[in-house]
Amino acid sequence: MSQIQSNIPSGPLTEKWTQHKANLKVVSPANKRKLDVIVVGTGLAGASASSSLAELGYNVTTFCYQDSPRRAHSVAAQGGINAAKNYQNDNDSVYRLFMDTIKGGDYRSREANVYRLAEVSNLIIDQCVAQGVPFAREYGGLLDNRSFGGSLVSRTFYARGQTGQQLLIGAYGALSRQVGLGTVKLETRHEMLDLVVIDGVARGIIARDMVTGEIKRYSAHAVVIATGGYGNVFFLSTNAMGSNGSAMWQAYKKGAYVSNPSFVQIHPTCIPVHGDQQSKLTLMSESLRNDGRVWVPKKMEDVERLRKGAVKPSQIPDEDRDFYLERRYPTYGNLVPRDVASRAAKERCDAGFGVNETGKAVFLDFKYAIKRLGKSVVEARYGNLFQMYEKIADVNPYEEPMQIYPAIHYTMGGLWVDYNLMTNIPGLFAIGEANFSDHGANRLGASALMQGLADGYFVLPYTIGEFLAGEIMKPKPDVNHEAFVAAEKDVLERAEKLINIKGELPVDHFHKELGKIMWNKVGMSRNEKGMTEAIDDIKKLKSEFWKNVRVPGKVGELNQEIEKAMRVADYFEIGELMALDGLERNESCGGHFREESVTEDGETLRNDEIGCYVSLWQHKDVNVAPQLIKEPLIFENVELSQRSYK
Amino acid sequence: MATDNILKNLILKVWRQASPKDKGKFVTYTIQNVSTGSSFFEMLDLLNDDLIRKGDEPVAFDHDCREGICGTCSLFINGKPHGPDNLITTCQLHMRKFKEGETITIEPWRSAAFPVMKDLIVDRNAFEKIIQAGGFVSVNTGGIPDANAIPIAHDAAEESMDAAQCIGCGACVAACKNASAMLFVAAKVSHLALLPQGKTEATRRAKAMVAKMDELGFGNCTNTGACEAECPKGISIANIARLNREFLVAKFQD
Ligand SMILES: Cc1cc2nc3c(=O)[nH]c(=O)nc-3n(C[C@H](O)[C@H](O)[C@H](O)COP(=O)(O)OP(=O)(O)OC[C@H]3O[C@@H](n4cnc5c(N)ncnc54)[C@H](O)[C@@H]3O)c2cc1C
Ligand code: FES
């Protein structure tokens, strides 16, 4: 295992980060001016990193595929952001947040990383308030909190149902300020399509200008990937249409390890699929489970009457409702973690109790909250979510319960990074959802925003110095270096090849088919046979794609089809690796539910003998199977136990 | 969920323009079997699927989150920014708002400050420049006092949030006969000025942003209220009044 250098500092857990910071190299202000950093992504992770690095004096170039950094998909986060402030005096602490996150992740993350995350969480809230984030407040003027799944305290800060938007506007403001000052060069509508590695070190990227179609070279002393998650492998997800895995995947092909790719989060409360024309799924925030109660009818005849429209959900009396989460998990009730809630919904629907025509929906009911708190309080808390729901579903959730069903939401897997957030390619860093680091096999609600901002504001700006301190004598790499020329040529050839197939079927056709394979065989419930088949199915689909896709237009113009085709080409390969990773991990943990490994009452059954590892996949050659390396997870402070939310 | 029906036939008049220099024109398409439960973009996906299979060029349009929050989507639908429904973006518009056989006219935002790049996609970079001129609180990362050190009145935070909800889509500019960006600027100025953190540099911010807006060729505000009526987030023109009252007065005092 000697090839894995996770660089976790020694010493007691609570001292590791402090000690580590004290030992990190620092680059002088004069030298920072000589160093260039590329940041790919402008979500919470990328925007916070870009602005913080520029404030320190580095020359930053920042990329996003949207027309503005403010549109990165962090903007869509609704519910909130965690921090261990203990403002509620409910006995919260850094240690408790750490424990909840480790346990929530089903003991598949690194202790040291998670502890650091909990430690810097409080600074994030201070920073965001200073930027003018209008968090919800009590009448006394102090910050308000709400509860999220997997925790017994109230530590989630929020700005109505638009927390991600407000945090992103804060980070975007900081970034825009640096753009105005000339310290950040912003390349919007640019998509990274390759990583350039020279002498084993990350030295730049190849990006396509999405307006002109030009393929361009960019060099720097270090590259930071902050491109979010790859959940769109499933076609239907709560991600944005353009969210993609290509930056991660191209880095992988250049030698970066991808870790735990099979760990995806299925969010329990999304608006159900309406039919074949569906293009994406909309989340209804987890915060709704604070006040909403989840149920399906107890009696099959009620289910049938509901499906026929013979009865309204609100007409079903309380005694005929099965509040299955409260029944199965009395301690956490409706606030069990996401993986548990999702599987419980699937269990009821598989048993035939799904409440809509497709049989794939359960109710989330606010009747009780409205009675307890009054409509105006519920409206103040969730008004925008209720409005969103009504516009999509055409049902008023103040009067009738919402219908919800699980959907793909977040990817815990991603680029492997060490404690400094550097990948195994020196000079290549990964932050935010794009890395694998902190959430183990299941992420707790309100912890992704926390992690993205922790990485960007308070970790990377320190740890990148350790690498960059060794670079001060080196000039900015020349974009005419043969590695740049070759990478550019490779991207252009890939794109041209896609255009020249001139087949019969649009890109979306293949993407939808891939999504079906993934959802059915590498989704909420997995087994050996299914995942083995999935690998085969994907291979066939991929070869069909490369023979029969039709991509109209040219590479050298604004062309949304080539954008999609390049992403989908990578999704096949990512999907395959996800299935392989899931197959390899013959235990259930968190969101990874292996049917071969369950307890008597149908819960995930971890196997710590074989499962205490992070998987690191190393790309070999196109036709050679990737190699699996395992980083052992060592728990010095936490005792491993079966998760119980009963 | 409400029960969905099928719209058997719709007629689409879509603005097609190959590039910024191209003159552009409307092209009429018919489209079949659209579910009323589909979103407007799912209907356009269907159109594009059809066009690609037939060997035509699909229609380019901007979209990303498809849930009304990123502000990427635009579109003038039947003469209204973000279409016939209220308080939503185009991506939240659903086909149940349309009738069997209806003709739907689809255009890009029309404003000199937002030039068309292709078909329905416009360039909104001007908004970026306005924000870069001052749409932030000038604090660096780190060295910040505890978040609860400054209490902020509940109502001030709420009022600030009302303005902060702006998604920067540009519907206000598209709706305005003068192509003014005042609602966009006023929302940002209000969001920050209503909070103590943002108050310190409020005047400077307002002046810098307004100056940039003027420089970029946005029109003057003549209080028609069209922006408020079309804003998908319901941002109030009271913000414009606040901007005028509190900050632009200062401009003349300099
Ligand atoms: C609907 C929804 C609700 C959520 N709610 C919550 C919540 O309440 N609390 C919480 O903690 N978490 C929540 N999450 C999760 C959280 O929002 C995300 O995990 C987090 O915001 C990701 O941030 P990021 O900066 O890593 O990536 P993103 O915000 O996704 O940003 C990715 C960036 O990378 C750019 N990019 C991507 N690919 C390329 C490429 N190839 N080339 C160039 N640029 C590229 C994009 O343009 C974008 O700027 C939610 C997620 C979703 C989808
Ligand atoms: S696509 Fe994001 S607001 Fe419409």
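In this text, all values refer to a predicted model and were calculated from it rather than measured experimentally. (Residues numbered from 1 in each chain as written. Chains lettered and ligands numbered in written order. Predicted model: local features only at pLDDT ≥ 70, side-chain atom pairs only at ≥ 80, totals over all residues. Heavy atoms only, no water.)

A. The packing of aromatic side chains, seen in detail. A full pass over the atoms with the stated rule returns 30 aromatic pairs over all chains. Ring centres 4.7 Å apart and planes at 85° place the aromatic pair Phe63 of chain A and Tyr218 of chain A in the edge-to-face group. Note that Phe63 of chain A is positioned in strand S2 (residues 59-63) and Tyr218 of chain A in strand S8 (residues 215-219), a separation of 155 residues in sequence. Its relative accessible area of 1% is what places Phe63 of chain A among the buried residues. Note on Tyr218 of chain A: relative accessible area 12%, which makes it buried. Through successive ring pairs, a cluster of aromatic residues spans Phe366, Tyr382, Phe386 and Tyr398 of chain A. Across the ring face of Trp546 of chain A, the terminal group of Lys497 of chain A is positioned such that the distance to the ring centre comes to 5.0 Å. When the ring centre of Phe26 of chain B is taken as origin, the NZ or CZ atom of Lys13 of chain B, which lies over that ring, is 5.2 Å away. (Phe/Tyr/Trp six-rings, centres within 6.5 Å; stacked < 30°, edge-to-face > 60°. Helix = DSSP H or I, 4+ residues; strand = E, 2+ residues; numbered from the N terminus. Buried < 20%, exposed > 50% of the residue type's maximum accessible area, 1.4 Å probe, protein only. Lys NZ or Arg CZ within 6 Å of the ring centre and 35° of its normal.)

B. Region of interest: the sheet that holds strand S18 (residues 613-618) of chain A. All names here are of chain A. If you trace the four strands from one edge of the open sheet to the other, you get S16-S10-S18-S19, paired in antiparallel fashion. Edge positions in the sheet fall to strand S16 (414-415) and strand S19 (627-632), since each of these pairs with one other strand and no more. The sheet contact formed by strand S10 (residues 258-259) and S16 spans two bridges and is antiparallel. Along S16, the bridge assignment pairs Val258 with Leu415. Along the sheet, helix H17 (residues 560-584) contacts S10, S18 and S19; its crossing angle with S18, the most-contacted strand, is approximately 140°. (Pairing = 2+ DSSP bridges. Contact = heavy atoms within 4.5 Å. Axes fitted to C-alpha atoms, helices over the stretch in contact; angles between N-to-C directions.)

C. Up close: the domain arrangement of chain A. All names here are of chain A. Examined at the domain level, chain A breaks down into domain 1 (13-263 + 412-471), domain 2 (268-408) and domain 3 (482-613). Taking only C-alpha atoms, the centre of domain 1 and the centre of domain 2 are 32 Å apart. Across the interface of domain 1 and domain 2, roughly 2200 Å² is buried in total on both sides, 55% from carbon and sulfur atoms. A per-residue breakdown of the area domain 1 buries against domain 2 is headed by Gln78, Leu236 and Thr238, which together make up 27% of the total. The interface formed by domain 1 and domain 2 holds zero salt bridges in total. Seen at the junction of domain 1 and domain 2, the total is 13 residue pairs in polar contact (both at pLDDT 80 or more). Residue classes in the side of domain 1 that touches domain 2 are distributed as eight nonpolar, 15 polar and four charged. (Domains from an automatic or database assignment. Buried area = accessible area lost by both parts, 1.4 Å probe. Salt bridge = Lys/Arg side-chain N within 4 Å of Asp/Glu carboxyl O. Polar contact = N/O pair within 3.5 Å; in protein donor to acceptor, adjacent residues only side chain to side chain. Nonpolar A, V, L, I, M, F, W, Y, C, P; charged D, E, K, R; others polar.)

D. Molecular detail of the domain arrangement of chain B. Residue and element names in this part refer to chain B. One can read the domain layout of chain B as domain 1 (6-118) and domain 2 (124-139 + 151-252). A C-alpha centroid distance of 28 Å is found between domain 1 and domain 2. Every contact between the two is made by 19 residues of domain 1 and, on the other side, 19 residues of domain 2. Linking domain 1 with domain 2 are one salt bridge. Notably, a salt bridge pairs Asp62 with Arg124, separated by 3.8 Å at the nearest N-O pair.

E. Representation of the layout of surface pockets. Residue and element names in this part refer to chain A. Taken as a whole, the second largest pocket spans an internal volume of roughly 1000 Å³. For the second largest pocket, the lining is made up of 35 residues, of which Lys253, Lys542, Glu573, His619 and Val622 are closest to its centre. Those elements that place two or more of their residues in the lining of the second largest pocket are strand S6 (190-198), helix H7 (246-253), helix H14 (482-501), helix H16 (528-548) and H17. A breakdown of the residues in the lining of the second largest pocket according to their chemical character gives 17 nonpolar, four polar and 14 charged. When we break the lining of the second largest pocket down by domain, the ones giving at least three residues each are domain 1 (13-263 + 412-471) and domain 3 (482-613). (1 Å grid on protein atoms, 1.4 Å probe; cavity = no way out; pocket = protein on both sides within 12 Å on 5 of 7 lines; lining within 4 Å. Points joined across faces, edges and corners; volume = space filled by probe spheres on them.)

F. Looking closely at unusual backbone geometry. Residue and element names in this part refer to chain A. For Asn91, which is not a glycine, the phi torsion comes out positive at approximately 70°. Turning to its location among the elements, Asn91 is positioned in the loop between strand S3 (81-82) and helix H4 (94-104). With relative accessibility at 52%, the residue Asn91 sits in the exposed group. Of note, Tyr107 is a non-glycine position whose phi angle comes to about 55°, a positive value. Mapped onto the fold, Tyr107 is located in the loop between H4 and helix H5 (111-131).

G. Spatial organisation of the sheet that holds S2 of chain A. Residue and element names in this part refer to chain A. Overall, parallel pairing links the five strands, which are arranged S5-S2-S1-S9-S17 in an open sheet. Lying at the two open borders of the sheet, with one neighbouring strand each, are strand S5 (184-187) and strand S17 (428-430). When the angles between neighbouring strand axes are averaged without regard to direction, this sheet yields 20°. Of the pairings in the sheet, the one linking strand S9 (residues 222-225) to S17 comprises three bridges and is parallel in character. Across the sheet, Val223 pairs through a bridge with Leu428, a residue of S17. Sheet strands touched by helix H13 (residues 448-468): strand S1 (36-40), S9 and S17. Its angle to S9, the strand with the most contacts, is close to 150°.

H. Region of interest: the nonpolar core. Ile81, Phe135, Ile205 and Ile464 of chain A together with Phe218 and Leu243 of chain B are the most contacted members of the largest nonpolar core, which totals 237 residues. Beyond its immediate sequence surroundings of up to four residues, Phe218 of chain B is in contact with Ala113, Phe114, Ala126, Phe127, Ile130, Val173, Ala179, Ser180, Ala181 and Met213 of chain B. Counting 27 residues, the second largest nonpolar core, distinct from the first, contains Phe40, Phe41, Cys73 and Ile106 of chain B. (Core = buried A, V, L, I, M, F, W, Y, C linked by side-chain atoms within 4.5 Å.)

I. Region of the structure containing the packing of helix H15 (residues 507-521) of chain A against H17 of chain A. Residues and elements named next belong to chain A. One can describe the packing of H15 onto H17 by two numbers: an axis separation of 10 Å at closest approach and a directional angle of 20°. The angle between H15 and H17 falls in the class roughly parallel. Read as a crossing pair, H15 and H17 show a hand that is left-handed. The segment H15 lies against H17, with Val507, Asp508, Phe510, His511, Leu514 and Met518 engaging Glu561, Lys564, Ala565, Val568, Tyr571, Phe572, Gly575 and Met578. For the contact of H15 with H17, a count of residues per class yields nine nonpolar, two polar and three charged. (Parallel < 35°, antiparallel > 145°, perpendicular 65-115°, else oblique. Left-handed = near helix turned anticlockwise from the far one by under 90°.)

J. How the structure looks around the interface of chain A and chain B. On the chain B side, the residues contacting the 83 residues of chain A number 82 residues. Buried surface at the junction of chain A and chain B, summed over both partners, amounts to about 6800 Å²; 50% is from carbon and sulfur atoms. On the surface where chain A and chain B come into contact, there are eight salt bridges. Between Lys391 of chain A and Asp85 of chain B there is a salt bridge, with the nearest N and O atoms lying 3.1 Å from each other. Connecting chain A to chain B are 51 residue pairs in polar contact (both at pLDDT 80 or more). Those elements giving two or more residues to the side of chain A that touches chain B turn out to be helix H3 (44-56), H5, helix H6 (163-181), helix H12 (375-393), H13 and H17 of chain A. Considering each element in turn, the side of chain A that touches chain B owes the most residues, 10 residues, to H6 of chain A. Here the residues of the side of chain A that touches chain B are counted per class, giving 35 nonpolar, 30 polar and 18 charged.

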